[in-house]
Amino acid sequence: YINISEDDEKNYPMDYRGHWENTQEFYVLNTHFFDRSDQSMARENAAKLIMEWVKSLERFGEWTKERPIFVLGDFNARPDSEVYKIFVDGKGILDPLDFKDSIEGGKGIDWVLYKGNINVLHYEKVDYNVNGEYPSDHKPVFVKMKIKE
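Remember, it's a predicted structure, so these values are computed and weren't measured experimentally.

What counts and what doesn't
- Residues numbered from 1 in each chain as written.
- Predicted model: local features only at pLDDT ≥ 70, side-chain atom pairs only at ≥ 80, totals over all residues.
- Heavy atoms only, no water.
- Helix = DSSP H or I, 4+ residues; strand = E, 2+ residues; numbered from the N terminus.
- Buried < 20%, exposed > 50% of the residue type's maximum accessible area, 1.4 Å probe, protein only.
- Contact = heavy atoms within 4.5 Å.
- Areas by Shrake-Rupley, 256 points an atom, 1.4 Å probe, with all protein chains shown as cover.
- Core = buried A, V, L, I, M, F, W, Y, C linked by side-chain atoms within 4.5 Å.
- Lys, Arg positive; Asp, Glu negative; His and termini not counted.
- Salt bridge = Lys/Arg side-chain N within 4 Å of Asp/Glu carboxyl O.
- Polar contact = N/O pair within 3.5 Å; in protein donor to acceptor, adjacent residues only side chain to side chain.
- Expected span 1.5 Å × (residues − 1).
- Arc of directions from axis to C-beta.

### Examining the overall build of the protein chain
Helix and strand counts for the protein chain come out as three helices and six strands. Secondary structure elements in the protein chain, listed N-terminal to C-terminal, are α-β-α-β-α-β-β-β-β. Taken across its 149 residues, the protein chain has 28% of its residues classed as buried. For the protein chain, long-range pairs separated by at least 24 residues make up 64% of all intrachain contacts whose partners lie at least 6 apart in sequence. Per element, the accessible surface of the protein chain, about 11,200 Å² overall, is 51% carbon and sulfur.

What follows is the structure, given as structure tokens:
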């Protein structure tokens, strides 16, 4: 049982159907690639499979609005790797399927990649720890983005 005041009901209706006028559809894929050093081919093939999925999301006709796509996770590959180049073309050629990294030039092995009409507002490597104990073997990434209208 949730107790909702009358003011809450006005601001947050229980039934959201019919309240779509200011919404934006988007896709998010979160992944974690193999971490063993002898698995570079597996990581490259995983990246190619994801790009095939992205290609299948191509909009249908010019009258449909492009939906932003986010691919994020632990890729266990650095920005100078073939995996990164599969997602973010390092040749400087604009390809409509290419992603952009949320930080210029890439960083580390955890990435938040995107394509579409997006503004990156903030990027941060989270340095959270308790008495020197970290929750992960590497620092997570926090990115704040805004989908442009």
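### Observations regarding the nonpolar core
Judged by nonpolar contacts, the single largest core of 18 residues is most densely connected at Phe33, Val71, Val83, Phe87, Phe99 and Trp111. Those residues in contact with Phe99, other than ones at most four positions away along the chain, are Met51, Val54, Ile69, Val71, Phe87, Val88, Leu113, Tyr114 and Lys115.

### Here we look at unusual backbone geometry
Phi is positive for Asn76, which is not a glycine, with a value near 45°. Position of Asn76 among the secondary structure elements: in the loop between β2 (69–74) and α3 (82–87). Within the chain, Asn131 stands out as a residue other than glycine whose phi angle is a positive 50°. When you line up the elements, Asn131 lands in the loop between β5 (118–125) and β6 (141–147).

### Details of the side chain of Asp74
For Asp74, the location among the structural elements is in strand β2. Although Asp74 is buried, it makes no salt bridge; Arg43 carries the closest opposite charge, 8.4 Å away. Within the structure, the side chain of Asp74 is placed 3.2 Å from the side chain of His32, a separation counted as a polar contact. In this structure the side chain of Asp74 is engaged in a polar contact, spanning 3.1 Å, whose partner is the backbone nitrogen of Asn76. Ignoring sequence-local partners within four residues, the contact set of Asp74 consists of Thr31, His32, Phe33, Ile109, Asp110 and His138.

### Describing helix α2 (residues 40–56)
Across its 17 residues, α2 extends 25 Å between first and last C-alpha, which sits within 8% of the 24 Å expected from 1.5 Å per residue. Along α2, the residues that are buried comprise Arg43, Ala47, Ile50, Met51 and Val54. One side of α2 carries all its buried residues, which in axial view fall inside an arc of 100°. For α2, the exposed residues lying more than 90 degrees away from the buried face are Met41, Leu49, Glu52 and Ser56. Looking at the buried residues of α2, the elements they touch are β1 (27–32), β2, α3 and β4 (110–115).

### Focus: the environment of Ser56
Tracing the backbone shows Ser56 in helix α2. Overall, Ser56 belongs to the exposed group, its relative accessible area being 54%. A distance of 2.5 Å separates the side chain of Ser56 from the backbone oxygen of Trp53, its partner in a polar contact.

### Re the environment of Val71
Structurally, Val71 can be placed in strand β2. Residue class for Val71 comes out buried when judged on its relative accessible area of 0%. Note: C-alpha distance between Val71 and Phe87 (16 residues apart in sequence) is 9.3 Å. Ignoring sequence-local partners within four residues, the contact set of Val71 consists of Leu29, Ile50, Phe87, Phe99, Trp111, Val112 and Leu113.

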